[in-house]
Amino acid sequence: MPSVGNGVLSVGSSVTVNTLVSTVHTTQEWHFASGSVPALTSVPSPLPLAGLGMTQVTFTGTNFGTNTSLLSIVAYSAHAPYTTIPCLTVQLISNTQLICSFPTGTGLIASAVLLVDSKPMGLGSGPFSYQQPSYISFSKGATGVLTIIGSNFGAIAASIAVYMKPSSASAPVACLNVYVAAMGNLISCDLQSTPSFVPGSKPIIYVNGQYSASLTTDTLGDHHENDPVLDNYLASIPTEGARVTFTGSGFGNMSSLVHIWAVPSSSPSSLVNCTHAILWSDTAVSCEFPPGVGTFLTAFISVNGRRSVLGSGPIRYYNPTVVGNTLPRTDSKVITISGFNLGADASKLEVYVDSVASGYLPFCNNVAFIAPHLLFSCELTTLTASQIDSFSTLRVRVQGALLPGMSPVQLSILPDVGIAPIITGVPTPLADGGLVTFTGVRFGDNDTFIKISAIDAKTLGFVDCSSPKLLSTTTLECYFPSGSGRFLGAMMTLDEDMMIGTAILSPPFAYAPPLVLGWTTPTAMSGVGLTITGFNFGPDTELAVIDLDVGYALTCGGIGGSSYEIYCNPLADIEYTGYSLGNHARLEIKVGGQTAGFYNDTFTGIHSVTDHFSYPPSDVYPTITSVPSSPPSTVGGFVSFSCSDVGTNASAVHLYAIPRTSAGSPLAPVRCSDLKLLSSSVSCYFPPGVGSFMGAFVILDDVGKRSQVTSYPFQHDFPRVLGFTSPPAAPSSKLTIYGLGFGNDSSVINVQINSLV
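So, a few notes on the structure that sits alongside this text. (Residues numbered from 1 in each chain as written. Predicted model: local features only at pLDDT ≥ 70, side-chain atom pairs only at ≥ 80, totals over all residues. Heavy atoms only, no water.)

## Thoughts on the state of the cysteines
Covalently bonding the sulfur atom of one cysteine to the sulfur atom of another cysteine gives a disulfide. For the coordinates displayed, the defined rule picks out six disulfides. Put simply, Cys 364 and Cys 378 are joined by a disulfide, and their sulfur atoms are 2.2 Å apart. Handedness here is read from the sign of the S-S torsion; for Cys 364 and Cys 378, about 55°, the answer is right-handed. Of the two residues, Cys 364 is situated in strand 36 (residues 364–371) and Cys 378 in strand 37 (residues 375–380); the sequence distance between them amounts to 14 residues. A relative accessible area of 8% places Cys 364 in the buried class. (Disulfide = S-S within 2.5 Å. Helix = DSSP H or I, 4+ residues; strand = E, 2+ residues; numbered from the N terminus. Buried < 20%, exposed > 50% of the residue type's maximum accessible area, 1.4 Å probe, protein only.)

## Side note on the packing of aromatic side chains
Inspection of every chain in the model, using the stated rule, returns 23 aromatic pairs. Summarising the aromatic geometry, the rings of Phe 289 and Phe 296 are spaced 5.5 Å apart at their centres and angled 40° between planes, so their arrangement reads as tilted. Each member of the pair, Phe 289 as well as Phe 296, carries the same accessibility label: buried. Linked through ring pairs, Phe 438, Phe 480, Phe 487, Phe 509 and Tyr 511 together constitute an aromatic cluster. The ring of Phe 300 has Arg 307 sitting right over it, with the charged end atom 5.4 Å from the ring centre. (Phe/Tyr/Trp six-rings, centres within 6.5 Å; stacked < 30°, edge-to-face > 60°. Lys NZ or Arg CZ within 6 Å of the ring centre and 35° of its normal.)

## Re the side chain of Glu 588
Mapping Glu 588 onto the fold places it in strand 53 (residues 584–591). Classification of Glu 588 by relative accessible area gives buried; the value is 16%. One polar contact links Glu 588 to Arg 243, side chain to side chain, over a distance of 3.5 Å. Discounting residues that sit within four places of it in the chain, Glu 588 has contacts with Arg 243, Ile 278, Glu 542, Leu 543, Ala 544 and Ile 546. (Polar contact = N/O pair within 3.5 Å; in protein donor to acceptor, adjacent residues only side chain to side chain. Contact = heavy atoms within 4.5 Å.)

## Looking at the sheet that holds strand 45 (residues 486–493)
A sheet is described by the order of its strands in space; here seven strands give the open sequence 40-41-44-43-42-45-46, paired in antiparallel fashion. Here the strands that pair on one side only, and so sit at the sheet edges, are strand 40 (422–425) and strand 46 (509–510). Two elements, strand 43 (residues 462–472) and strand 44 (residues 475–480), share four bridges in a ladder whose sense is antiparallel. Residue Ser 472 lies in a different strand from strand 44, and its bridge partner there is Thr 475. (Pairing = 2+ DSSP bridges.)

## Some points on a nonpolar patch on the surface
Nonpolar side chains collect at one region of the surface, where Val 690, Val 721, Phe 724, Leu 735, Ile 737, Val 748, Ile 749, Val 751 and Ile 753 lie side by side and expose about 830 Å² of accessible area between them. Locating Ile 753 in the fold gives a position in the segment after strand 66 (737–740). Residue classification places Ile 753 among the exposed residues on the basis of a relative accessible area of 71%. (Patch = residues over 30% accessible without salt bridge, like charges linked within 9 Å, V, L, I, M, F, W, Y side chains within 5 Å. Areas by Shrake-Rupley, 256 points an atom, 1.4 Å probe, with all protein chains shown as cover. Salt bridge = Lys/Arg side-chain N within 4 Å of Asp/Glu carboxyl O.)

## A word on the pattern of salt bridges
Scanning all chains against the criterion turns up five salt bridges. For the salt bridge of Glu 240 with Arg 486, the shortest nitrogen-to-oxygen distance reads 2.8 Å. Within this pair, whereas Glu 240 is found in the loop between strand 24 (235–237) and strand 25 (242–249), its partner Arg 486 is found in strand 45, the two being separated by 246 residues in sequence. Residue Arg 486 is classed as partly exposed on the basis of its relative accessible area of 31%. Glu 288 serves as the salt-bridge partner of Arg 243, at 3.2 Å between the closest nitrogen and oxygen. Residue Arg 243 is found in strand 25, and its partner Glu 288 is found in strand 28 (residues 284–289); the two are separated by 45 residues along the sequence. A residue is classified by how much of its surface remains accessible, and Glu 288, at 24% relative accessible area, is partly exposed. A single salt-bridge network, built from bridges that share partners, covers Arg 243, Glu 288, Glu 588 and Lys 590.

## Section: the sheet that holds strand 16 (residues 145–151)
In space, the eight strands of this open sheet follow the order 21-20-17-18-19-16-15-22, with mixed pairing throughout. Only two strands of the sheet have a single neighbouring strand rather than two, namely strand 21 (210–211) and strand 22 (213–214). The pairing of strand 15 (residues 134–140) with strand 22 spans two bridges and is parallel. Looking across to strand 22, one finds that Ser 134 is bridged to Ala 213.

## Observations regarding the environment of Gly 105
Among the structural elements, Gly 105 can be located in the loop between strand 11 (97–103) and strand 12 (108–116). Accessibility expressed as a relative area gives 16% for Gly 105, which makes it buried. Sequence separation between Gly 105 and Phe 153 is 48 residues, and the spatial gap between their C-alpha atoms is 8.6 Å.

Written out as structure tokens, the structure reads:
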């Protein structure tokens, strides 16, 4: 073994252990200052994982220096003393800490040794091991094949031995012809060729001498043919969480009896619940996975207490990706880094600079999320020009996962010189699209070549905001197209060659979320679908109708409509009637991944729209069939709405309109007063105001009925400029503008003067 004396490290003596003499001899020498010999001082934690690929392991020690290229680590297997396990890459974190990428494997490791320029240093780390194999479920098929799901089985079948251990004192029975799959998470073997096996037995698994742990109380023979079964399914989930659909059999017909959970690979003894199950059929069910990072070994389903024996295939969250970063300002060390699937836990996120000269160095501290999963800030550490060379790359790790490197980094020695624009304020486009505003800094003074694009979070494609127009060096307007969903952020270029542009995405933003204002309730045996009115419905609306009496979900044969009204055709497979649906139902609507809200009027206390409707419905409901052909005046006045089923008692009829903000949010209902009934319409006085309305509805207070669906959207009269005074002679002069439709609230009026020069 190596020894240190008088500042000279010599390796040349043989080693005797229990009469076994080492066969490795060397006479090489390596010189260090007295007391400065590099050495490992602790075993790695966490331990490497079995499976495929590489596992990053952290070692601590002393005097690692600063030159990563001279460092390497070799581990020695305890099962084959002459077999070494090389560390594939070394990332130097500090003088006392480094990260080594081990090939994944199984079994015990006698020790790991640090090498400097290929020469061993110190006495090694001491013994450690790959994680213990464990299993969470197993099943014996009709042909005698035993299938076991678990973790850390490794990838080499020859190193795995499987036995069935009866509950009695009988000797274990070997399971032959072991096969390993699913990245070391599934093994199978043949029980049919063994002399016998005993119901009530449990598997015993040895992987390179390590004994398996059992994370289940099941024994052979506990399961029955009518247990639910999940198909082998590989799913990827955004770190924000998402709804996942599983297929299989034996799911039953009541969502309330279905429970789905997944087993994290980082902690097989724990589980994560997949909530809000929707049962589509006996063979299809969906549920919502929570936000997170990492991988699940498998998912399981239970139906009324009966659990699937074998789980689904592996399920994982998407790998994190970085899109860009700001440069630090001369007066601040804070930078901002954007991307997606970054997770939401700042403690699991690290930023490094990867330098050819200096290796991996901590680059940022005090990490804080600005927008979970998408955007975070951090404070630069003090790095010198000699530590960051022209080939340096900024890298980010989320729970140990290495993100793709970005462009060469010289951030600490090349501060922001004030050229690149930065978008700080983002819009909330409506589903119909329209004029939106972006704000920020350094937008320039020439909009001739400006281009602004948003990155769709679902497709990762670019969506252009057309006809950009500068209002100032910090404000820009453009026309956003119609659509739905959310965006990772927006980016801007200022010049014809697109050389000057944002170095980082803007904060994330989204279309205004959908809002349900009302819906029709089909009468029993009608066989018709639903009509739903609201706001910001998009082209990719998803609709589920859930029977609350049995928890069963029904799908529509087709969904169509517009941004303010959608309709669901009769159901494709099940006749849509009060008899087949039951007496109570719930809607679940998503548009572009955003869940629709349900309008609840807390302003007047007259009515409330929830996500439930009941059978049998009342016979008829009052309905507004058309909005005024002439928009209501901003100074107030009488308007006429076409209506049906409002009765003959004008004093019992009340008409309300729902105003909206420019971002699509509802405001307190506005009442149309002095109502008069005509043959097929209602005339009433609309109060003064400006802006748009989501729709209108009617209430008959004598019978307690409210319009099931709202009218189409409408708006006050457009403002029109009829003339203005001559341009002012001095900056202090006032410009007088006269026209129609200006309203009476000066705080909502904006005047822009565009130069013709």
